Amino acid sequence: MKLNHFNLARRMLQVHEGLRLKEYTDTTGHRTIGYGWNLDAKPLPQGIGKKDANGKWVISEPEAQGLLDSSMIDHWNELTVAFPWVQSLNPWRKAVLLDMAFNMGIPVLKTFKNTLNSVLLQDYTDASRRMLQSKWAGQVKRRADVLSEIMRLGFMPAAIMNQYGFDFNKRGYE
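Everything numeric here is computed off the predicted structure, so don't read it as measured data. In every chain, residue numbers begin from 1 and rise along the written sequence. Only residues with pLDDT of at least 70 get local features here, since the model is predicted, and only at 80 or more are side-chain atom pairs given and counted; chain-wide, interface and lining totals rely on the full set of residues. Hydrogens are left out, water is left out, and the side-chain values use all remaining heavy atoms of the structure.

Regarding the packing of aromatic side chains
Right, on to step 1. Under the pairing criterion, centres of Phe, Tyr and Trp rings, with the six-membered ring standing for Trp, must be within 6.5 Å; the plane angle then separates stacked pairs below 30 degrees from edge-to-face pairs above 60, leaving the rest tilted. Taken as a whole, this structure holds three aromatic pairs when the rule is applied.
Right, on to step 2. Where F6 meets W76, the ring centres are 6.0 Å apart and the plane angle is 65°; that geometry is what we call edge-to-face. You can see F6 sitting in helix α1 (residues 5-17) and its partner W76 sitting in helix α2 (residues 61-82), a full 70 residues away along the chain.
Right, on to step 3. Throughout this description, the term charge over a ring refers to an Arg CZ or Lys NZ atom that lies within 6 Å of the ring centre and within 35 degrees of the ring normal. Its end group placed over the ring of Y24, R20 keeps NZ or CZ at 4.1 Å from the ring centre.
Right, on to step 4. Above the ring of Y124, the side-chain terminus of R93 is found at 3.4 Å from the ring centroid. Where helices and strands are cited, they refer to DSSP runs of H or I of at least four residues and of E of at least two residues respectively, numbered from the N terminus.

Dropping the structure here:
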């Protein structure tokens, strides 16, 4: 079974972002909920969630999934407008760039000029190396290690797939 980049990115984002059904303050000081939904940048859509006795937002797991999907679509659209060539990448590499766009936003991703140029030139080893040399890699650590390895190889190694809960063999995800 071959999965598209949205399904691959969704699973990676679920692991990378983690799920919190109650509002919290993230490491950058923003009010956040679900799978990294930044409440300060974008309020919850009408009819999603409710406030608890302390005035904090609480959402259900299906609502969190809906917010993740909505945010992924928004980030994908922004990504492909900024870098139309992304659509020609294999599903795994598309998922890597979608994960990065979700994590840092397109304006910051645009500052990865050399990394993106290496991807465009299909020099995935250099792109991977440059990803690991970035300030972002120092901030997100394991996430950068995994994403850079996927960028280099063009797929997620089987050992990592198990950690991410993918239950198909590597061949099915190539």
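Considering the pattern of salt bridges
Right, on to step 1. Counted as salt bridges are all cases of a side-chain nitrogen of Lys or Arg within 4 Å of a carboxyl oxygen of Asp or Glu. The full count for this structure, using the stated rule, is nine salt bridges.
Right, on to step 2. For the salt bridge of R31 with D40, the shortest nitrogen-to-oxygen distance reads 2.8 Å.
Right, on to step 3. Here E149 ties to R152 by a salt bridge, and the two come within 2.7 Å at their closest N and O atoms. With E149 and R152 both in helix α8 (residues 142-153) and three residues apart, this pair spans about one turn of that helix.
Right, on to step 4. Given a relative accessible area of 23%, E149 falls into the partly exposed group.
Right, on to step 5. Members of the salt-bridge network, linked through shared partners, are E17, D99 and R143. The buried label goes to any residue with under 20% of its type's maximum accessible area, the exposed label to any with over 50%, and the partly exposed label to all in between, with areas taken from a 1.4 Å probe on protein chains only.

Comments concerning the layout of surface pockets
Right, on to step 1. Note on definitions: the grid is 1 Å and covers protein atoms alone; a cavity is a set of points where a 1.4 Å probe fits but cannot get out; a pocket is an open set with protein on both sides within 12 Å along at least five of seven lines; lining residues have an atom within 4 Å of a point. Grid points are joined across faces, edges and corners, and a volume is the space filled by probe spheres set on the points. Counted as a void, the largest pocket has a volume near 1000 Å³.
Right, on to step 2. Lining of the largest pocket is provided by 34 residues; of these, E17, D26, G36, F102 and N103 occupy positions nearest its centre.
Right, on to step 3. Contributions of two or more residues to the lining of the largest pocket are made by α1, β1 (20-25), β2 (31-34), β3 (37-38), α2, α3 (91-104), α4 (106-109) and α7 (135-140).
Right, on to step 4. Looking at the lining of the largest pocket element by element, the count peaks at seven residues for α2.
Right, on to step 5. Basically, the charged four are Asp, Glu, Lys and Arg, the nonpolar ten are Ala, Val, Leu, Ile, Met, Phe, Trp, Tyr, Cys and Pro, and anything else, Gly included, counts as polar. Grouping the amino acids of the lining of the largest pocket by side-chain chemistry returns 14 nonpolar, 13 polar and seven charged.

Regarding unusual backbone geometry
Right, on to step 1. Backbone geometry places Q122, a non-glycine residue, at a positive phi of 60°.
Right, on to step 2. The phi torsion at K141 lies on the positive side, around 45°, for a residue other than glycine.
Right, on to step 3. For K141, the position within the fold is in the loop between α7 and α8.

Re α1
Right, on to step 1. Given the number of residues in a helix, its expected span is that number minus one, multiplied by 1.5 Å. In this model α1 runs 17 Å from its N-terminal to its C-terminal C-alpha over 13 residues, within 8% of the 18 Å that 1.5 Å per residue would give.
Right, on to step 2. Considered for burial, the residues of α1 that qualify are H5, L8, A9, M12, L13, Q14 and H16.
Right, on to step 3. The contact definition used throughout considers only heavy atoms, calling two residues in contact when any of these lie within 4.5 Å. Contact partners of the buried residues in α1: α2, α3 and α8.
Right, on to step 4. The distance from a side-chain oxygen at the start of α1 to the backbone nitrogen of F6 is 2.9 Å, and the residue carrying that oxygen is N4.
Right, on to step 5. With its phi angle positive at about 70°, G18 sits one or two positions after the end of α1. Counted as a polar contact is a pair of N or O atoms within 3.5 Å, where, for protein atoms, one must be capable of donating a hydrogen and the other of accepting one, and residues adjacent in sequence contribute only when both atoms are in side chains.

Examining the side chain of D126
Right, on to step 1. Structurally, D126 is set in helix α6 (residues 124-132).
Right, on to step 2. A distance of 2.7 Å separates polar atoms of two side chains, one belonging to D126 and the other to R130.

Side note on the side chain of H5
Right, on to step 1. Relative to the helices and strands, H5 resides in helix α1.
Right, on to step 2. Owing to a relative accessible area of 11%, H5 belongs among the buried residues under this scheme.
Right, on to step 3. In contact with H5, other than residues within four places in its own chain, are W76, P91, K94 and A95.

Quick look at the pairing of β2
Right, on to step 1. Where β1 meets β2, three bridges bridge the pair, whose relative direction is antiparallel. Residue R20 lies in a different strand from β2, and its bridge partner there is G34.
Right, on to step 2. Counting the residues in the hairpin turn of β1 and β2 gives five residues, including G29, whose phi is positive at 90°.
Right, on to step 3. Inspection of the sheet shows β2 paired to β3 by two bridges, in the antiparallel sense. By the bridge assignment for β3, T32 is matched with N38.
Right, on to step 4. Here, a strand pair is defined by DSSP locating no fewer than two bridges between the strands. The turn linking β2 back onto β3 is made up of two residues, and G36 within it adopts a positive phi angle of 80°.

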